[in-house]
Amino acid sequence: MLVYFRMEFWAQARYKDNPSLFNSLLLLLPVCFYAGVVIAMNAAYRLVAFKLTHWENHRLQSSYENHLIVKLVLFNFMNCFMSLFYIAFVIQDMALLRRSLATLLITLQIVGQAQETLLPYLMKKYQKWCLQKEGKDPAQKIDQRELEMRQQIYPGVFDDYLELFLQFGYVFLFSSAYPLAAFWALLNNILEIRTDAFKLCRVFQRPLSQLASSIGAWQMAFEIMGVIAVITNCALIAQSPQARKFFPDSNETQLLMIFVGVEHLILAFKVCLAYVIPDTPDWVNIAVARIDYESRQALKTERSNRARKTFQEQTVPAELLTSELAGAIETEI
């Protein structure tokens with residue numbers, strides 16, 4: 001991060017001396033370099049986190065996933081957002097914050113789309129070429145079953161949750177400084193609808209559905225990120241020149257207390273909304289209760305029919321035995 005800031009200050013000084021087109025493009029070089037470092041560090045720590053969690057030897061799969069989520073969320077938060085916090089509250093350069101945030105968000109989204117879709121698609125083409133080479137006849141039709149068997153196994157939705165978590169942070173943590181981040185996130189999500197469909201249908205093997213009661217530790221991670229976003233945006237607004245115009249007679253301490261009070265009111269409103277709006281809608285609870293009732297009634301009916309059938313099977317031989325015994329007595333008489 002220190003190398004990034006040295007490069008950034010050098011590029012700004014060069015642009016200040018000579019504001020040419022080349023020097024304006026040179027301002028993007030440090031941020032692009034830092035984006036590459038962030039991606040590389042995220043990939044390196046991902047391997048370390050998986051290895052450490054595997055060594056912990058958890059008894060349940062849910063416990064394994066929750067501990068892995070905590071490790072990855074903490075490191076990715078520090079790695080992706082620490083420089084932005086430093087720019088926002090230490091350097092206090094809003095122009096640099098906007099440029100850094102936009103470059104990091106767009107670069108990570110482009111690289112993420114390439115890793116999720118383009119790279120597996122190229123590997124699939126390579127496997128198809130290898131099958132044709134093994135058949136020694138390029139015109140020979142490849143068996144679809146063999147081609148699908150050689151496709152990669154779907155890794156699950158873990159990476160998708162992590163990508164959404166980082167995107168949520170880039171959009172909401174500094175939304176007051178760069179509101180356009182929401183537009184880039186929306187554009188990426190619209191594009192990802194089709195890329196994910198292509199990935200599931202053409203690139204990976206058909207995934208099997210798995211039951212889950214909730215999204216696990218991701219829920220807590222998103223809630224904590226929302227609280228941090230409220231605090232961050234209130235702090236950014238408090239130190240902006242526009243906020244000082246609304247309170248010209250207030251000093252630094254009074255202005256800080258005003259925005260701390262506003263921040264507490266927003267958090268209290270958030271808690272009230274979370275309490276008033278249930279996590280599960282009423283129509284879902286009614287539908288689940290109806291399904292449970294119908295299942296219990298069907299089980300009760302099946303048990304009743306089975307008991308009646310068993311009783312009938314045991315009663316018929318007794319009646320036959322009684323009739324045979326009566327016939328034998330009549331014959332003796």
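Structure shown above.
Notes on the structure in this doc start here. Since the structure is predicted, the reported quantities are computational estimates derived from the model, not experimental observations.

**Let's talk about the overall build of the protein chain**
Per the secondary structure count, the protein chain includes 12 helices and 0 strands. What you see in the protein chain, going N to C, is helices and strands ordered as α-α-α-α-α-α-α-α-α-α-α-α. Restricting the contact set of the protein chain to residue pairs at least 6 apart, pairs at least 24 apart contribute 72%. Approximately 23,100 Å² of the protein chain is accessible, and the part contributed by carbon and sulfur atoms is 66%.

**Let's talk about the packing of helix H4 (residues 61–91) against helix H7 (residues 158–172)**
In the contact formed by H4 and H7, the axes pass within 11 Å of each other and the chain directions differ by 30 degrees. Considering how the two elements wind past one another, H4 and H7 form a crossing that is right-handed. Together, Leu 68, Ile 69, Leu 72, Val 73, Asn 76, Cys 80, Phe 81 and Leu 84 of H4 and Phe 158, Leu 162, Phe 165, Leu 166, Gly 169 and Tyr 170 of H7 make up the contact between the two elements. Within the contact of H4 with H7, the residues separate by chemical class into 12 nonpolar, 2 polar and no charged.

**What about the side chain of Thr 53?**
When you line up the elements, Thr 53 lands in helix H3 (residues 28–56). Excluding residues that lie within four positions of it along the chain, Thr 53 makes contacts with His 58, Tyr 64, His 67, Leu 68 and Lys 71.

**Side note on unusual backbone geometry**
One non-glycine residue, Asn 57, adopts positive backbone phi at about 55 degrees. Asn 57 gets classed as exposed once you look at its relative accessible area, which sits at 65%. In the Ramachandran plot, Gln 92 falls in the positive-phi region, its phi being about 60 degrees despite a non-glycine side chain. By secondary structure assignment, the location of Gln 92 is in the loop between H4 and helix H5 (94–135).

What counts, and at which threshold
- Residues numbered from 1 in each chain as written.
- Predicted model: local features only at pLDDT ≥ 70, side-chain atom pairs only at ≥ 80, totals over all residues.
- Heavy atoms only, no water.
- Helix = DSSP H or I, 4+ residues; strand = E, 2+ residues; numbered from the N terminus.
- Contact = heavy atoms within 4.5 Å.
- Areas by Shrake-Rupley, 256 points an atom, 1.4 Å probe, with all protein chains shown as cover.
- Axes fitted to C-alpha atoms, helices over the stretch in contact; angles between N-to-C directions.
- Left-handed = near helix turned anticlockwise from the far one by under 90°.
- Nonpolar A, V, L, I, M, F, W, Y, C, P; charged D, E, K, R; others polar.
- Buried < 20%, exposed > 50% of the residue type's maximum accessible area, 1.4 Å probe, protein only.

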